[in-house]
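Spelled out from the first residue to the last, the chains are:
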Amino acid sequence: MANRTVKDAKSIHGTNPQYLVEKIIRSRIYDSKYWKEECFALTAELLVDKAMELRFIGGVFGGNIKPTPFLCLTLKMLQIQPEKDIVVEFIKNEEFKYVRALGAFYMRLTGTSLDSYKYLEPLYNDNRKLRRQNRNAEFELVHMDEFIDELLRDERVCDVILPRIQKRHILEENNEIEAKISALEDDLDEDMELEDDATKYQLEDYVPEKKEKERKRKRSKSRDRGRRSRSHSRDRHKRDKERKDRKDREKERDRRDKKDKDRKDRKRDDEKYRDRDRH
């Protein structure tokens, strides 16, 4: 009974919400100590306290596939199906970053394409560090914006296959969502304006010097072209002479070969006539 989905729960993506987690991982979660001791009879109100105790994110680890508390609480949320307002409050929570990560993960699993982009994209501005436990039970550091990017782009996160969502550009073309505006766009515009002003002042200060450099460059180019043309003419004359000498040598060789062939033919004919006369 403790592992069943609540009676009034709605199906998510056409299936039981708990089935979004693969069966073998689900069974490992049910058998885990954390699930039995910390998640038993857990309600949506008490779930917040457990989420505040999280110290890292992750899926399963070890050779015998042990689930992390983060994954256990995710399955508990799928089981009790808290109200959307509670999940949104999880995402908006700025004090506890792992509560925000848990809410974002749950929203990505259960929300529509519009909800995923609407509630998760603002978290790109959160650059706080998160500890994540990998399959080898080792901890690694990631940032919140990296984790959100994985949720919106990757097919599997924390060893759970994420439901497919529509591409953002398709939703924009259908006018279902506004075009994405980067939070860095204003800073980039200011930097570009400052660079343009600096370039303008530099041009005003160094116009004479620039003109002098251009004249020197043109003179240098003209001298280089003259040297290259003379060098090219000498090379062409040298190639023509070598080509002519090679042709003359080939003609002389052909004449010698022809003379040798004629001499051999005459000798062969003389021998043939002498043999005929003897017989």
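Refer to the structure printed above.
Below is a summary of the structure that appears in this document. All values reported here derive from a predicted model rather than from experimental measurement. (Residues numbered from 1 in each chain as written. Predicted model: local features only at pLDDT ≥ 70, side-chain atom pairs only at ≥ 80, totals over all residues. Heavy atoms only, no water.)

1. Observations regarding the overall build of the protein
Argument step 1. Across its full length, the protein carries 11 helices and seven strands.
Argument step 2. Per-residue burial over the protein gives 32% buried out of 279 residues.
Argument step 3. Put simply, of all contacts in the protein between residues at least 6 apart along the chain, 63% involve residues at least 24 apart.
Argument step 4. Total accessible area on the protein stands at roughly 20000 Å², and carbon and sulfur atoms take up 47% of it. (Helix = DSSP H or I, 4+ residues; strand = E, 2+ residues; numbered from the N terminus. Buried < 20%, exposed > 50% of the residue type's maximum accessible area, 1.4 Å probe, protein only. Contact = heavy atoms within 4.5 Å. Areas by Shrake-Rupley, 256 points an atom, 1.4 Å probe, with all protein chains shown as cover.)

2. Some words on the layout of surface pockets
Argument step 1. Counted as a void, the largest pocket has a volume near 470 Å³.
Argument step 2. What lines the largest pocket is a set of 18 residues, and nearest its centre among them are Y117, L152, R153, I165 and K167.
Argument step 3. By residue number, the principal contributor to the lining of the largest pocket is helix α8 (residues 144-153), which donates three residues.
Argument step 4. Here the residues of the lining of the largest pocket are counted per class, giving seven nonpolar, one polar and 10 charged.
Argument step 5. Looking at the second largest pocket, its volume works out to about 400 Å³.
Argument step 6. As for the second largest pocket, its lining consists of 17 residues, of which Q81, P82, E83, K84 and Y106 are closest to the centre.
Argument step 7. Contributing elements (two or more residues each) for the lining of the second largest pocket: α5 (84-92) and α6 (97-110).
Argument step 8. At three residues, α6 tops the list of elements feeding residues into the lining of the second largest pocket. (1 Å grid on protein atoms, 1.4 Å probe; cavity = no way out; pocket = protein on both sides within 12 Å on 5 of 7 lines; lining within 4 Å. Points joined across faces, edges and corners; volume = space filled by probe spheres on them. Nonpolar A, V, L, I, M, F, W, Y, C, P; charged D, E, K, R; others polar.)

3. Here we look at the side chain of S113
Argument step 1. Relative to the assigned elements, S113 resides in helix α7 (residues 113-120).
Argument step 2. Classification of S113 as buried rests on a relative accessible area of 15%.

4. Things to note about the sheet that holds strand β5 (residues 139-143)
Argument step 1. Strand order across the open sheet formed by three strands is β1-β4-β5, with mixed pairing between neighbours. Both edges of this open sheet fall to β1 (57-58) and β5, since each of them pairs with a single strand only.
Argument step 2. Sheet analysis places β1 next to strand β4 (residues 129-133), joined by two bridges and oriented parallel. Paired with I57 across the bridge in β4 is R132.
Argument step 3. Where α8 meets the sheet, it contacts β1, β4 and β5, and its direction lies at approximately 85 degrees from that of β5. (Pairing = 2+ DSSP bridges. Axes fitted to C-alpha atoms, helices over the stretch in contact; angles between N-to-C directions.)

5. Examining the nonpolar core
Argument step 1. Counting 55 residues, the largest nonpolar core has F70, F105, L120, F147, I148 and L151 as its most contacted members.
Argument step 2. Sorting the residues of this core by element identifies α1 (23-31), α3 (44-52), α4 (69-80), α5, α6, α7 and α8 as the ones contributing at least two each.
Argument step 3. Top contributing element to this core by residue count: α6, with nine residues.
Argument step 4. Setting aside anything within four residues of it in sequence, one finds L151 in contact with A104, F105, R108, L120, V157 and L162. (Core = buried A, V, L, I, M, F, W, Y, C linked by side-chain atoms within 4.5 Å.)

6. Details of the pairing of β4
In summary, the side chains of a regular strand alternate between the two faces of the sheet.
Argument step 1. Note that β4 and β5 share five bridges and pair antiparallel. Of the residues in β5, the one forming a bridge with R132 is E140.
Argument step 2. From the end of β4 to the start of β5, which pair antiparallel, there are five residues, and A137 there has a positive phi angle of about 65 degrees.

7. Structural notes on the packing of α1 against α4
Argument step 1. Interhelical geometry of α1 versus α4 gives an angle of 100 degrees and a closest axis separation of 10 Å. In terms of orientation, α1 lies roughly perpendicular with respect to α4. From α1, I25, R26, I29 and Y30 reach across to α4, where they touch L71, C72 and L75.
Argument step 2. In terms of residue class, the contact of α1 with α4 is built from six nonpolar, no polar and one charged. (Parallel < 35°, antiparallel > 145°, perpendicular 65-115°, else oblique.)

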